[in-house]
Amino acid sequence: MKQVKIFDTTLRDGEQGPGSQLTLEDKLAIAAKLDAMGVDVIEAGFPISSPGDFKAVTEVSGIVENATVCALARAHQKDIDSAAEALRDAKTARIQLGIGASDIHIKYKFNSSREEILEKAFDMVSYASSRCDEVQFFAEDAGRASNDFLVRMTDTVVQAGAKIVNLPDTNGFCTPFEYYEKIAYVNKHRKDKDKAILSVHCHNDLGMATANSIAGVMAGAGQVEGTVNGVGERAGNAALEEILLILLVKDNLSITTKADPKFIVELSSMVSKAMSNPVQANKAIVGKNAFAHSSGIHQDGVLKDRRNYEIIDPAIIGGTLPDLVLSARSGRAALKDRLNALSLTFAADDFEKIYSRFLVLADQKRFVEDEDLKWLL
């Protein structure tokens, strides 16, 4: 089994979602839980961006026991110095710095050229390598960048000292097929493979962040990045919980992590409350309907054997199975199961009349609650 590293950026990229700013206390609590979960890297913030972010990175660095603590920087010495200072108490510190890799960014964001970009990337990674335990370089907008240029950029920054090269789909542009081919191409043609690993960081603008992340790992990346609940800029990042469960359930991928999924439900709730950002009901893994069944066909199936319609036991993510939802779509099996669970007795010959009354009530209400059932007998 290939073990990939898990890089969580909830406290940095996740917080960049509008209205998602976290308090220092929330950041420390979430960081402690991520550390207990066993993620490999916690990106704690962008120190030069504000005094509050500097303080958050400093304090997270002081409490994290096992994970590497990472801080973001632009390709500027002042950014790197600020990040290094904020990380001074981290047991293992990493600075992530980067610059645009696509021709769009090079021309319209930096008003520069490919050669100038490569020169600056080399100089800043060299400088950061003298200030920190590890340097991770991100080739911004790699999703729209030339694959050949990404190979050159990767070789350049690894030569300068980068231990991790992040090839992000910054704008959520790629399909999984395109992203697989991109990561595989760079991994095949880059030099010094033993000196650095590739990382994938995908955004969800077209709803493909998780699929792209898995594709990138399958193509050879040794690190995958995400956020709890998929929070982040615009449509968000790849959801950490989705990545972990895919790697757990799809054991035929032969890819694993050391992160413990039992903390997922608790972390999801912590982040949702701290950011005042409710999780949509049908969100994979952590939505309130993720393990719920309303249709009669499905309810009958799970009552016979839950494996008929469930591929995940919620106990492995720290959750519990919800009761079957009684609605106008429910069948006889679910109603009979609930009546028995509530010890509400009835004559067998009366059940069809009870079920008919149940359907009339269910057509009037969105959900039939336990308190409603005794009035049907």
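Residues numbered from 1 in each chain as written. Predicted model: local features only at pLDDT ≥ 70, side-chain atom pairs only at ≥ 80, totals over all residues. Heavy atoms only, no water.

**A closer look at the UniProt feature "domain: Pyruvate carboxyltransferase" (unreviewed entry) in the protein chain**
Feature annotation in UniProt assigns "domain: Pyruvate carboxyltransferase" (unreviewed entry) to the following positions: residues 4-265. Along residues 4-265 one finds 42% helix and 17% strand; the C-alpha atoms at either end are 22 Å apart. (UniProt positions renumbered as here; feature names shortened; annotations may be inferred. Helix = DSSP H or I, 4+ residues; strand = E, 2+ residues; numbered from the N terminus.)

**As for the packing of helix α1 (residues 24-37) against helix α10 (residues 264-274)**
Between α1 and α10, whose axes approach to 11 Å, the crossing angle comes to 165°. Here α1 lies roughly antiparallel to α10, going by the angle between them. The two elements α1 and α10 meet at a crossing, and its hand is left-handed. Facing α1, whose interface residues are Asp26, Ala29, Ile30, Lys33, Leu34 and Met37, α10 presents Ile264, Glu266, Leu267, Met270, Val271 and Ala274. Here the contact of α1 with α10 is composed, by residue class, of nine nonpolar, no polar and three charged. (Axes fitted to C-alpha atoms, helices over the stretch in contact; angles between N-to-C directions. Parallel < 35°, antiparallel > 145°, perpendicular 65-115°, else oblique. Left-handed = near helix turned anticlockwise from the far one by under 90°. Contact = heavy atoms within 4.5 Å. Nonpolar A, V, L, I, M, F, W, Y, C, P; charged D, E, K, R; others polar.)

**Thoughts on the nonpolar core**
Side chains of a nonpolar character, in soluble globular proteins, are inclined to be buried together. With 89 residues, the main nonpolar core has Ile95, Leu97, Phe137, Met153 and Leu167 as its most contacted residues. It is helix α6 (residues 147-160) that contributes the most residues to this core, seven residues altogether. (Core = buried A, V, L, I, M, F, W, Y, C linked by side-chain atoms within 4.5 Å. Buried < 20%, exposed > 50% of the residue type's maximum accessible area, 1.4 Å probe, protein only.)

**Some details on the side chain of serine 102**
Relative to the helices and strands, serine 102 is located in the loop between β5 (93-100) and α4 (103-109). Engagement of the side chain of serine 102 in a polar contact is seen with the backbone nitrogen of histidine 105, the distance being 3.1 Å. Filtering out sequence-adjacent residues up to four positions away, serine 102 remains in contact with Glu140, Asp141, Arg144 and Ala145. (Polar contact = N/O pair within 3.5 Å; in protein donor to acceptor, adjacent residues only side chain to side chain.)

**Considering the pattern of salt bridges**
This model, assessed by the stated rule, comprises 27 salt bridges. When the shortest N-O distance is used, the salt bridge between glutamate 59 and lysine 55 registers 2.7 Å. Of the two residues, glutamate 59 and lysine 55 are both situated in helix α2 (residues 51-63); the distance of four residues between them amounts to about one turn of the helix. A salt bridge links aspartate 141 to arginine 144; its shortest N-O distance comes to 3.0 Å. On the basis of relative accessibility, which here comes to 0%, the residue aspartate 141 falls in the buried class. (Salt bridge = Lys/Arg side-chain N within 4 Å of Asp/Glu carboxyl O.)

**Here we look at the packing of aromatic side chains**
Taken as a whole and judged by the stated rule, the model has three aromatic pairs. Between phenylalanine 346 and phenylalanine 351, the ring centres sit 5.7 Å apart and the planes meet at 35°, which makes this aromatic pair tilted. The exposure class assigned to phenylalanine 346 is partly exposed, which follows from its relative accessible area of 24%. The interplanar angle of 25° and the centroid separation of 6.0 Å between the aromatic rings of tyrosine 355 and phenylalanine 358 together place this pair among those described as stacked. In this pair, tyrosine 355 and phenylalanine 358 both sit in helix α13 (residues 351-364), three residues apart, roughly one turn of the helix. (Phe/Tyr/Trp six-rings, centres within 6.5 Å; stacked < 30°, edge-to-face > 60°.)

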